[in-house]
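Here are the chains, one letter per residue:
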Amino acid sequence: MTSTGAVLRCADVRVVFTPRGLATARADRIVAVDGVSFEVAAGRTLAVVGESGCGKSTLARALVGVQRYTGDITVAQHRGAERRRPIQLVFQDPYASLDPRRTIGFSVSEPIRAQGRHSRAETAKRVGELLELVGLDARMSARYPHEFSGGQRQRVAIARALGADPAVLVCDEATSALDVSVQAQIVNLLIDAQRAQGFAMVFVTHNLAVVRQLADDVAVMYLGRFLEVGPAAQVFAQPRHPYSEALLSAVPRTSAIVDEHRQIRLVGDPPDPRNRPDGCHFRPRCRLYQQSGEPEVCRTRSPGLLATRQQEAHLAACHVTSGPAGPGSVSGTAQ
Ligand SMILES: Nc1ncnc2c1ncn2[C@@H]1O[C@H](COP(=O)(O)OP(=O)(O)OP(=O)(O)O)[C@@H](O)[C@H]1O
């Protein structure tokens, strides 16, 4: 999460859903993304994790421009301004980006043709290269999506996204619908493609084992906000927010077996986003709030993301762990 060399910069991104016909009814508004700020450098991967409904997909959609938002999302075009589509999205369901009536060659060529810089022969050659890059045979370009397995379709969708030579690749649950062994192949494919092309990646997922495999940084999202952001190794080893601590404790460590002794149970479900608790939104589920004698500040003030002196890139939004009583807190660095 460095500010030098950032390719993707997001500042105070907000997405609010208002029920149709109730434009002024504040009570019914859903703040799906609530003032999120972050940066991702070239060749780096930020994983965004959190329970269902926390706003991950809405953020991904805002990033690629298919969801209206307020705030700033900017992409630095390090390799010249020729990239017409600097941010590409890979969905959970590759059918969403592959037209079932078109050959996969046609779909993969679409972003290349949109650049308007290549002859037919060059485009066909590039499509073949992209299919080979994602582990498919160039001769498969004449086939249709239904002739492929789920994993192969996801490879095609990735080839299509890479064809745009994106500065930023956003993956929204891109491996979640796949078998575990295929998931690993797709993750390796993304890692290799990132090494080759150098794009920044935002990887939205609820699959924490995958996050361990590929993320440089992790953002833990809850009710539209980032509660913790930092280098993946630090966040996994020493989470600073009680929500992350519980969420990440369920991750398989060295094997597929969850360490039962280490697992912390997350009690209850996230609150209704239309009726968010005052103060810290995580308070009703927070073990630290209860164990610390229910501090008033947790009920009255929403905590900002704060770093510590020792770990400046590791931020957490918790009054208890980052407040005056917390270890080495640094005030004034809230995002
Ligand atoms: N088009 C919409 N209209 C109204 N509310 C929406 C819309 N899309 C999402 N929401 C709401 O916004 C919140 C965030 O949803 P989002 O799908 O971004 O979460 P998520 O973390 O991606 O969940 P999941 O993992 O289940 O996809 C949820 O409360 C959801 O119900």
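Residues numbered from 1 in each chain as written. Predicted model: local features only at pLDDT ≥ 70, side-chain atom pairs only at ≥ 80, totals over all residues. Heavy atoms only, no water.

To continue, consider the packing of aromatic side chains. Counted by the stated rule, this structure contains four aromatic pairs. Ring plane angle 90 degrees and centroid distance 5.3 Å describe the contact between Tyr-222 and Phe-282, whose orientation is recorded as edge-to-face. You can see Tyr-222 sitting in strand β8 (residues 217-222) and its partner Phe-282 sitting in the loop between α8 (242-248) and α9 (287-291), a full 60 residues away along the chain. Its relative accessible area of 1% is what places Phe-282 among the buried residues. (Phe/Tyr/Trp six-rings, centres within 6.5 Å; stacked < 30°, edge-to-face > 60°. Helix = DSSP H or I, 4+ residues; strand = E, 2+ residues; numbered from the N terminus. Buried < 20%, exposed > 50% of the residue type's maximum accessible area, 1.4 Å probe, protein only.)

Attention now goes to the sheet that holds strand β1 (residues 6-17). Within the open sheet, the three strands sit side by side as β2-β1-β4. Their pairing is antiparallel. Every interior strand has two partners, whereas the edge strands, β2 (30-41) and β4 (70-75), have only one. Between one strand and the next, the sheet's axes are offset by a mean angle of 15 degrees, whatever the strand orientation. Where β1 lies against β2, nine bridges are found, and the strand directions are antiparallel. Residue pairing in the sheet places Arg-14 in a bridge with Asp-34 of β2. (Pairing = 2+ DSSP bridges. Axes fitted to C-alpha atoms, helices over the stretch in contact; angles between N-to-C directions.)

Read from one edge to the other, the open sheet built from seven strands follows the order β5-β6-β7-β3-β8-β9-β10, with strand pairing classed as mixed. Among the strands making up the open sheet, the edge pair consists of β5 (87-90) and β10 (315-316). In this sheet, β10 lies alongside strand β9 (residues 225-231) in antiparallel orientation, the contact comprising two bridges. Each bridged residue has a counterpart across the sheet, and for Val-229 the counterpart in β10 is Leu-315.

Per-residue confidence for the chain averages 85 on the pLDDT scale, and 86% of its residues sit at or above 70. Interface predicted TM-score (ipTM) for the complex: 0.97; the corresponding pTM is 0.88. (pLDDT = per-residue confidence, 0-100.)

Another point: the pattern of salt bridges. Scanning the entire structure with this criterion turns up 15 salt bridges. The salt bridge involving Arg-44 is made with Asp-216; its shortest N-O contact spans 3.8 Å. Of this pair, Arg-44 sits in the loop between β2 and β3 (45-49) while Asp-216 sits in the loop between α6 (208-214) and β8, and the two are 172 residues apart along the sequence. The class of Arg-44 is partly exposed, set by a relative accessible area of 33%. Judged by relative accessible area, Asp-216 falls into the partly exposed class, the value being 27%. (Salt bridge = Lys/Arg side-chain N within 4 Å of Asp/Glu carboxyl O.)

Further remarks concern helix α2 (residues 104-115). By the burial criterion, the buried members of α2 are Ile-104, Gly-105, Ser-107, Val-108, Ser-109, Pro-111, Ile-112 and Gln-115. Residues of α2 that are buried make contact with α3 (120-133) and α4 (150-163). Looking one or two residues beyond α2, the residue adopting positive phi is Gly-116, at roughly 65 degrees. (Contact = heavy atoms within 4.5 Å.)

Turning to the site of the ligand, a few remarks are in order. The environment of the ligand is formed by Phe-17, Ile-30, Ala-32, Glu-51, Ser-52, Gly-53, Cys-54, Gly-55, Lys-56, Ser-57, Thr-58 and Pro-273. One of the backbone nitrogen or oxygen atoms of Gly-53 is found 2.7 Å away from an oxygen atom of the ligand. A distance of 2.8 Å is found between an oxygen atom of the ligand and a backbone nitrogen or oxygen belonging to Ser-57. Computed on the free molecule, the ligand has an accessible area of 630 Å², of which 60% lies beneath the protein chains in the complex. Mapped by element, the contributors of at least two residues to the shell around the ligand are β2 and α1 (56-63). Looking at the shell around the ligand residue by residue, the classes come out as five nonpolar, five polar and two charged. (Near = heavy atom within 4 Å. Polar contact = N/O pair within 3.5 Å; in protein donor to acceptor, adjacent residues only side chain to side chain. Areas by Shrake-Rupley, 256 points an atom, 1.4 Å probe, with all protein chains shown as cover. Nonpolar A, V, L, I, M, F, W, Y, C, P; charged D, E, K, R; others polar.)

On to the environment of Cys-286. By secondary structure assignment, the location of Cys-286 is in the loop between α8 and α9. When its relative accessible area of 6% is taken as the criterion, Cys-286 is described as buried. Linking Cys-286 and Val-267, residues 19 residues apart in sequence, is a C-alpha distance of 8.4 Å.

Our next topic: unusual backbone geometry. In this structure, Glu-173 takes a positive phi of about 50 degrees despite not being glycine. Looking at the element boundaries, Glu-173 is found in the loop between β6 (168-172) and α5 (180-197). The class of Glu-173 is buried, set by a relative accessible area of 9%. Positive phi is not limited to glycine here, since Glu-294 has a value of about 50 degrees.

As a further point, take α3. Its 14 residues place the ends of α3 20 Å apart at the C-alpha level, agreeing with the 20 Å of an ideal helix rising 1.5 Å per residue. Taken together, the buried positions of α3 are occupied by Thr-123, Val-127, Gly-128, Leu-130 and Leu-131. The arc that holds every buried residue of α3, seen down its axis, measures 165 degrees, which confines them to one face. When the buried face of α3 is taken as reference, the exposed residues oriented beyond 90 degrees from it are Ala-121 and Lys-125. Its buried side turned inward, α3 meets α2 and α4. Once α3 finishes, Gly-135 follows within two positions and takes phi at roughly 85 degrees, a positive value. (Expected span 1.5 Å × (residues − 1). Arc of directions from axis to C-beta.)

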